[in-house]
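# Descriptive analysis of the structure
Okay, here's what each chain looks like letter by letter:
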Amino acid sequence: MGDLMADPVWIERSQHGESVRDLQRRLLDLGHSIPLVEREGVFGEGTEDAVRCFQHQRGLRVDGIVGAQTWRALDESRHKLGDRLLYLKAPMIRGDDVGSLQRQLNALGFDVGREDAIFGPSTQTALREFQRNVGLSADGICGPDSVAALARFGPPRDDSIAQVRELEALRSAPAQLRGRSILVVVEPGLDVIAAAVSRSLAQSGADVLADVCGDDHGHVAARANQFAVDALVALRWASNDGSPSCSYFASGPFRSEAGYRMASRVSLALARLLPMPPEPVGGRVSLLRESRMPAVVIELVRSDDAAAMAELVRHPYVIGEAIAAGLREAIEEHTEPAPS
């Protein structure tokens with residue numbers, strides 16, 4: 001079956017046609033259930049439930065709407081390690097096969113960095129080191145010989161050299177907010193809270209930049225990478241049938257340790273003020289997956305939750321300062337050395 005449309009349309013409940021049929025085929029291939037009555041291209045309740053289930057499994061925004069990120073995730077999910085050659089090119093190759101390669105290399109001690117399922121320079125370098133160690137041509141191309149060599153080591157452990165190195169970086173980093181650059185990304189309607197976050201961080205000595213969370217979050221992540229900021233925090237509305245949350249990058253057993261620490265502290269601070277769980281969640285939305293620095297996405301309240309909305313309107317500065325306090329605590333926290 002060919003690739004999904006390069007520039008997919010927006011698909012949601014009550015639509016019908018060939019794009020819905022294509023979506024349903026993808027979901028069925030992944031083991032999701034769709035009622036027979038809908039399988040001829042009708043986006044009904046059963047298809048929407050399957051989309052939600054897929055989004056939840058992939059760490060995406062669970063709204064039942066098939067936008068650009070969900071389309072890309074569907075395309076990436078069809079690739080298994082060994083199905084195609086993997087190598088560094090532009091645009092970079094993405095897919096579950098890349099994620100499997102990264103997980104195995106990290107578990108074997110060849111550091112690819114975060115397991116983002118994107119074949120970038122770090123993955124190429126780690127693959128070349130692995131190839132040299134097992135006596136293969138170190139060409140940085142993952143083909144049948146490299147896949148076979150990886151298979152000889154058996155299933156990957158949950159250990160990750162990338163997580164170990166990130167923890168070491170946390171221990172050695174200066175425990176102060178002053179001088180750190182932080183990008184605050186805001187969805188329209190949350191500007192007052194974003195201003196309060198920015199002001200509080202700036203008062204603590206941070207260099208604060210601002211950006212708008214538009215439709216293509218990958219562009220926002222690319223700008224954050226271009227400016228090499230030290231941390232990213234995004235403020236968003238929760239989907240109307242979703243739940244408020246604070247999320248960090250995680251993929252399978254891998255998680256961003258610095259992102260997890262920031263999300264944990266912010267979640268605790270906000271749980272005292274809003275109906276938000278005190279524990280963060282792992283996610284793979286573009287802002288988390290594609291940014292090179294620790295990042296958190298805060299979905300404050302649902303836009304249809306009148307009580308929570310009223311709380312935001314009454315206390316925007318208190319909520320903004322609570323977010324800033326959580327970020328400050330995470331960055332200025334001293335990490336104890338690992339026991340020897």
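Quick note: structure is the one above.
Structure report, in brief. (Residues numbered from 1 in each chain as written. Predicted model: local features only at pLDDT ≥ 70, side-chain atom pairs only at ≥ 80, totals over all residues. Heavy atoms only, no water.)

Before going further, it helps to spend a moment on the pattern of salt bridges. Within the structure shown, the criterion is met by 21 salt bridges. The salt bridge involving aspartate 22 is made with arginine 26; its shortest N-O contact spans 3.8 Å. Within this pair, aspartate 22 and its partner arginine 26 are both found in helix H1 (residues 18-29), separated by four residues, close to a single helical turn. Look at arginine 26 and you get buried, because its relative accessible area is 6%. Taking the shortest distance from any N to any O, the salt bridge between aspartate 96 and arginine 58 comes out at 2.9 Å. With aspartate 96 in helix H4 (residues 96-107) and arginine 58 in the loop between helix H2 (45-57) and helix H3 (68-77), the pair connects residues that are 38 residues apart, well separated along the chain. A residue is classified by how much of its surface remains accessible, and aspartate 96, at 21% relative accessible area, is partly exposed. You can call arginine 58 buried: its relative accessible area is 11%. Within the structure, one salt-bridge network assembled from shared partners comprises Glu18, Arg21, Arg25 and Glu40. (Salt bridge = Lys/Arg side-chain N within 4 Å of Asp/Glu carboxyl O. Helix = DSSP H or I, 4+ residues; strand = E, 2+ residues; numbered from the N terminus. Buried < 20%, exposed > 50% of the residue type's maximum accessible area, 1.4 Å probe, protein only.)

Of all six residues making up strand E1 (residues 181-186), six are buried, and the element is well covered by its neighbours. Side chains Ser181, Leu183 and Val185 project from E1 onto one buried face, and the interleaved Ile182, Val184 and Val186 project onto a second face that is buried too. In the sheet, E1 pairs with strand E2 (residues 207-212) via six bridges, with the strands oriented parallel. Looking at the pairing, valine 186 lines up with valine 212 of E2. Chirality of the crossover, the property in question, places the unit of E1, helix H8 (residues 191-203) and E2 among those that are right-handed. As paired elements, E1 and strand E3 (residues 231-238) share five bridges and run parallel to each other. (Pairing = 2+ DSSP bridges. Right-handed = clockwise from strand over helix to strand, strands pointing away.)

These results come straight from atomic positions and should not be treated as a statement about function.
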